[in-house]
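An overview of the molecular structure
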Amino acid sequence: MTKIKHLGAGTLAFSLLASTAALAEDLKIGMVVTLSGPPAALGQQIVDGFQLALDQKEGQLAGLGVELIVEDDELKPDVALLKANTLIEREEVDFVVGTVFSNMLQAIFKPVVESETFLISPNAGPSTFAGRNCNPYFFATSYQNNQNAEVSGLIANEEGFENVFVMAPNYQAGRDNVDGFRQTFEGTVSDEVFTPLGHQDFSAELARISTSGSDAIFTFMPGGMGVRLVNQFDEAGLSETMRFMSVFTTDETTLPGQKDAAVGFLAAGSWAPDLPNEANAAFVAAFEEAYGYIPGSYAMQAYDTANLIESALAATGGDMSDKDAVRDALRAADFTSVRGDFSFNNNHYPVQDFHKLEIVKREDGQFHTSFVRTVAEDYADSFHAECDM
Amino acid sequence: MSLTLFLILCLNGLQYGLLLFLIAAGLTLVFGVMGFINLAHGVQYMVGAYLIFAFTGLTGSFALALPLSLLAALAIGLLLEYAVFRHLYARPHLDQVLATFGIIIFLNELAKVLFGPTTLSIETPAFLSGAIQLTEQLRYPVYRLATIGVGLAVAIGLFATISYTRIGMLVRAGSTTPEMVAALGVNVTQLFRVVFGVGAMLAGFAGIIAAPIFAIEPGMGDNILIIAFVVIIIGGVGSIGGAFVAAILVGLIDTLGRSVATDLMSLFFGPSMANQVGPALASMLIYILMAAILVFRPKGLLPAKGVVA
Amino acid sequence: MARDRMIGAAIFATLLALPLLLPLVGADYLMGLLIKAMLLAIAAISLDLIIGQGGMVSLGHAAFIGVGAYTAAIALESGIEEILILLALTLAVTALVALITGALALRTSGVYFLMITLAFGQMIYFTFTSLAAYGGDDGLTLWSLATLFGSDVVQNGEGLYFFVLATLLATWAGVHRIGLSRFGRVLRAARDNPQRAEVMGYPITRYRLVAYVIAACIAGVSGLLMMQYAEFVSPAIATWQRSGDLIVAVVLGGLGTRNGALLGAFFIVLMEEILSSLLHEWRLIYGPLLVILVLYAKGGLADLMAPRAKGAG
């Protein structure tokens, strides 16, 4: 997409050889996010959130000029791997920021961490790297996938749901979310359905849901999948007979397409645009001003990621050569998160509060997730004990 | 499987099958009549979807955008025929594959450049937006029923044209003995062009009616093209009737197969595993069917007589 | 013929010398690129054996790359790390799969052969997506790689480069040999005039099947090496589009010429690299380029470099 290139038109193939030389920038950050297909808006939010932080600091982090190289993984593992390799080998970046989806993260994980480049996930938080396979070169500034669903299970208990129909896409994060929900939900999971990632036509699933006799559905359908599901759910008339609760399904990336169909739906997460704190109010206002839409958690996490990198570089005085020092500085998380309290656990996944959220319509006619109340405080993931860092 | 689910799956399968028929109809004629392998036929489907998106945006009305999109799809098809394809008719099949592969690459990228890599969608046209009560708990969208109706109407119209009109007769004759038709004073080049244009427009039409239901994205025509090839092989190359039967068959097998296979696998594996293995096995069904047809009945279910390919 | 061999020798000499020069300019990246091109070339040469010499256009050849890659990956995951054992396993499994699919596919010919190979290719592709234990759609990262006699020399860098180069050379020489042999002549005779070849008493289906299996085995080996290079395997390795890419390499290079497939593969990989570094939307150029090459450069790249009589092995 917005690829910033130093390769001139006349230099052709052998300019590749010279790519190590003649770079004016001090810090290279490579980004691998999904900018194609149904979830493209998610990747765009990450790019925008990160760029906002850079713009606010006039293109510098801790005094270092930043070159940001954005690559689209097209939601294909092999493409993600190819792009990550290009960033490491050809561009020799200092940080890789990515990805949106957990299966993309799994594809790029090995080459990035083995090249001893820091990999910071601004969204994907698979269980895979939270436990035994935690890695000194990997940080997640978002959450661990299971957590949002675990909190949803708690909310479902409070709401008194007895039978819940669970549906998620069939990939790492989908399975993590189902596991998380099952872990805390005390009622009966009436059915568990997995769809392909990128699924668009939910009519067969809706038929199953309609005959399942459930009080509510819990789902995780990020991006375009969520838009389709909610609209088809509404069209099929199911909104009248059951409640809808979800994570990353009715959020700022999907609400512009769902509109009134989603109002009143329940969600869980570590943040909402109206989360009451000063840093957050400033961030949301600046973001809306810059990009003309309400930021979602993806943009927020990317914004926090940029601030985290800056805090680490400030601590090392801009020195990237001592990896241990950089790691310790990242680990300290010495920045102001717009989520409020934020720290890293031993496995480099965050410890943070989780809240009950609800979809509301704002006075200006726009839709967003709204903070209801905090359900879990300083909530750590369930895998960190297995990590020996 | 509940009756509701079965009914929905059958409707979905029928709808998918008719969509496939619209694409396969053009493909099978172009392949049968001209012996031309056009891999770029699938992008016409994508072109149709993007056209309706663009024209709906411009005019604000689906009803207005529909004829505009159809005309534009026809124009784009004829333009491609004039600029590239007509030079390939006399070439070996491999050259046709390669050149039309190049066209796919180009148009997919062009769609990405013009409209962005994001998936786009358009709203169901207002006059078809409601839903009808199918069972006590469930409604089924009118638009989907409408696509089934329109698909059937086009199929009947096409079949009647091929069977009973002069041009249809020429097409049938052209697919059997092009030299003879030419010798009788018919302009075969002109005939080819008409067939090509209509085929492109039908594929575009499929893209148009699919747009409000499925995602509009670059590359959306690639996989459906392969399925359309499967359809015309199963049906018999050059045979409209065969394409119709095969398309419905493939649509139903694929849609029902997915659900049944997943249920079947759930007996052996957990839900996640079953949902991985089931759809994969179901996706194989139509290819197994095609391979079986090729081995045991190479001319297809309802072969056209004496096709050149 | 001699000219063919000279061009081949020149290409290989260059590939042999390049790693010696690379450290001077310090580009691991270029070495990776060359490995990628060589891997594609191995598969393209094998496809050329059946398309160019056998006249059998397969749109499912990438499936055999996948079979090789997945066989090796699954064996690796089960603890078999010696690359020679993996090689033997890969050859055995791809040969078996090719024997079964080939025996059925060769009951057809022409466009129908193309479609039936596509069908088998898709079945194999969907088999990979169903391998939930090995990542399914998401693919599988290989945390341990193959070793050569217990040493990690073939895992990356120059060791892997030369291993791939040696394989490419062996493939090139082997297929060249086949072209010169009686077997190759019968294969081409069956392509040009099947009736006559049959009348002369050659069991042409058996000849074709042998060629099909050999080609599949070579593709399988390239799959094994692709897995080793990428340290990752996913069903994407076996899509029909990948088979299309291979056909592009073969046709672009020039049918039935060993150097053609080699040149075609290098052309594709380098062109993609150069164009994509110039323009993010490089496919806007690449697509029309293919069309133009088809319309105006009929003999392929090999023919542009060394025009010669058609049809020779």
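Some points on the overall build of chain A
Assigned secondary structure in chain A consists of 11 helices and 14 strands. Relative to its length of 389 residues, chain A is compact, with a C-alpha radius of gyration of 21 Å against a globular reference of 21 Å. A burial count over chain A gives 59% of its 389 residues as buried. Taking as baseline every contact in chain A between residues at least 6 positions apart, the subset at least 24 positions apart corresponds to 72%.

Brief notes about the overall build of chain C
What chain C contains, in helices and strands, is 13 helices and 2 strands. Taken over C-alpha atoms, the radius of gyration comes to 19 Å for chain C, in line with the 20 Å a tight globule of 313 residues would show. Dimensions of chain C, computed from C-alpha atoms along their principal axes, come out at roughly 55 × 40 × 40 Å. Buried positions account for 55% of the 313 residues belonging to chain C. Considering only intrachain contacts with a sequence separation of at least 6, the fraction spanning at least 24 residues in chain C is 79%.

With respect to the pairing of strand β8 (residues 188-195) of chain A
All names here are of chain A. Sheet topology note: the strand β7 (residues 163-169)/β8 ladder contains 7 bridges and is parallel. Residue pairing for β8: phenylalanine 165 is matched across the bridge by aspartate 191. Tracing the backbone out of β7, into helix α5 (residues 172-184) and back to the parallel element β8 gives a crossover that is right-handed.

Observations concerning the sheet that holds strand β4 (residues 95-98) of chain A
Residues and elements named next belong to chain A. Spatially, 6 strands are ordered β2-β3-β1-β4-β5-β6 in an open sheet, and the strand pairing comes out mixed. Looking along the sheet, the strands with just one partner apiece sit at the ends: β2 (60-61) and β6 (138-140). The strands touched by helix α1 (residues 40-56) within the sheet are β1 (27-33), β3 (64-72) and β4, with β1 carrying the most contacts at an inclination of about 160°.

Some thoughts on the confidence of the model for chain A
All names here are of chain A. When pLDDT is averaged along chain A, the result is 89; 94% of the residues meet or exceed 70. Confidence scores differ between elements of chain A, with helix α6 (residues 203-210) showing the lowest mean pLDDT of 86 and strand β5 (residues 118-121) the highest of 97. The low-confidence segment residues 1-24, where pLDDT is below 50, has 31 contacts with residues more than four positions distant or belonging to other chains.

Digging into helix α2 (residues 77-90) of chain A
All names here are of chain A. The terminal C-alpha atoms of α2 lie 19 Å apart, and with 14 residues this matches the ideal 20 Å at 1.5 Å per residue to within 8%. Most of α2 sits out of view: 12 of its 14 residues are buried. Residues of α2 that are buried: Pro77, Asp78, Val79, Ala80, Leu81, Leu82, Lys83, Ala84, Thr86, Leu87, Ile88 and Arg90. Once α2 finishes, glutamate 92 follows within two positions and takes phi at roughly 50°, a positive value.

So, the interface of chain B and chain C
Opposite the 35 residues of chain B that make contact, chain C presents 33 residues. Residue composition of the side of chain B that touches chain C, by class: 28 nonpolar, 5 polar and 2 charged.

Here we look at the domain arrangement of chain A
Residues and elements named next belong to chain A. Partitioning chain A into domains gives domain 1 (12-143 + 276-344) and domain 2 (146-269 + 354-386). Taken together, the contact between domain 1 and domain 2 spans 25 residues of the former and 23 residues of the latter. Breaking the side of domain 1 that touches domain 2 down by element, the ones donating at least two residues are α1, α3 (102-114) and α10 (297-316). Class assignment of the residues belonging to the side of domain 1 that touches domain 2 gives a composition of 13 nonpolar, 10 polar and 2 charged.

What to know about the packing of helix α10 (residues 240-266) of chain B against helix α11 (residues 271-296) of chain B
Residue and element names in this part refer to chain B. Where α10 meets α11, the axes come as close as 7 Å, and the angle between the chain directions of the two elements is 145°. Crossing of α10 against α11: the hand is right-handed. On the side of α10, the interface is formed by Val250, Ile253, Asp254, Gly257, Arg258, Ala261, Thr262, Leu264, Met265 and Ser266, while α11 contributes Pro271, Ala274, Asn275, Val277, Gly278, Pro279, Leu281, Ala282, Leu285, Ile286 and Leu289. Its residues assigned to classes, the contact of α10 with α11 shows 14 nonpolar, 5 polar and 2 charged.

Here we look at the packing of α1 of chain A against α10 of chain A
Residues and elements named next belong to chain A. Running from N to C, α1 and α10 cross one another at 35°; their axes reach a closest spacing of 7 Å. Crossing hand, α1 versus α10: right-handed. Residues Leu42, Gln45, Ile46, Asp48, Gly49, Phe50, Leu52, Ala53 and Leu54 of α1 form the contact with α10, whose own contacting residues are Tyr298, Ala299, Met300, Ala302, Tyr303, Thr305, Ala306 and Asn307. Residues that form the contact of α1 with α10 fall into these classes: 12 nonpolar, 4 polar and 1 charged.

So, the pairing of strand β14 (residues 367-379) of chain A
All names here are of chain A. In terms of strand pairing, strand β13 (residues 350-361) meets β14 through 9 bridges, oriented antiparallel. Bridge pairing links valine 360 to histidine 368 in β14. The antiparallel pairing of β13 with β14 creates a hairpin that spans 5 residues between the two strands, and glycine 365 there sits at a positive phi of about 90°.

Here's the deal with the nonpolar core
One finds Val231 of chain B together with Ala41 of chain C to be the most contacted residues of the largest nonpolar core, which totals 345 residues. A per-element tally of this core places helix α1 (residues 3-34) of chain B first, with 19 residues. Counting contributing residues per domain, this core is built from domain 1 (12-143 + 276-344) and domain 2 (146-269 + 354-386) of chain A, each supplying no fewer than three. With near-sequence residues (within four places) excluded, valine 231 of chain B lies in contact with Leu20, Ala24, Ala243, Ala246, Ala247 and Val250 of chain B.

Here we look at the environment of proline 218 of chain B
Residue and element names in this part refer to chain B. Looking at where proline 218 falls in the secondary structure, it is placed in the loop between α8 (188-210) and α9 (220-235). Sequence-wise, proline 218 and asparagine 108 are 110 residues apart; in three dimensions their C-alpha atoms are separated by 5.2 Å. Look past the residues within four positions of proline 218 in its chain and what remains in contact with it is Asn108, Ala111, Lys112 and Pro117.

Some points on unusual backbone geometry
Most peptide bonds take the trans form, and the phi angle of most residues other than glycine is negative. Residue and element names in this part refer to chain A. In this model, glycine 98 is joined to threonine 99 through a cis peptide bond whose omega is 15°. Structurally, threonine 99 is set in the loop between β4 and α3. Phi at histidine 348 takes a positive value of approximately 70°, unusual for a residue other than glycine. Position of histidine 348 among the secondary structure elements: in the loop between β12 (343-344) and β13.

What to know about the confidence of the model for chain C
Residues and elements named next belong to chain C. In the predicted model, chain C carries a mean pLDDT of 87, and the fraction of residues at 70 or more is 92%. Scored below 50 in pLDDT, residues 307-313 shows 7 contacts in the model against residues more than four places distant or in partner chains. Here the complex is predicted with pTM 0.89, and the ipTM for its interfaces comes to 0.86.

Some details on the environment of proline 196 of chain A
One can find proline 196 of chain A in the loop between β8 and α6. Residue proline 196 of chain A is classed as partly exposed on the basis of its 18 C-beta neighbours within 10 Å. With 133 residues separating them along the chain, proline 196 of chain A and glycine 63 of chain A place their C-alpha atoms 45 Å apart. Excluding its chain neighbours within four sequence positions, the residues that come into contact with proline 196 of chain A are Pro169 and Asn170 of chain A together with Pro279 of chain B.

Procedures and definitions
Residues numbered from 1 in each chain as written. Chains lettered and ligands numbered in written order. Predicted model: local features only at pLDDT ≥ 70, side-chain atom pairs only at ≥ 80, totals over all residues. Helix = DSSP H or I, 4+ residues; strand = E, 2+ residues; numbered from the N terminus. Rg over C-alpha atoms; globule rule 2.2 N^0.38 Å. Buried ≥ 20, exposed ≤ 12 C-beta atoms within 10 Å, placed from the backbone. Contact = placed C-beta atoms within 7 Å. Pairing = 2+ DSSP bridges. Right-handed = clockwise from strand over helix to strand, strands pointing away. Axes fitted to C-alpha atoms, helices over the stretch in contact; angles between N-to-C directions. pLDDT = per-residue confidence, 0-100. Expected span 1.5 Å × (residues − 1). Nonpolar A, V, L, I, M, F, W, Y, C, P; charged D, E, K, R; others polar. Domains from an automatic or database assignment. Left-handed = near helix turned anticlockwise from the far one by under 90°. Core = buried A, V, L, I, M, F, W, Y, C linked by C-beta atoms within 7 Å.

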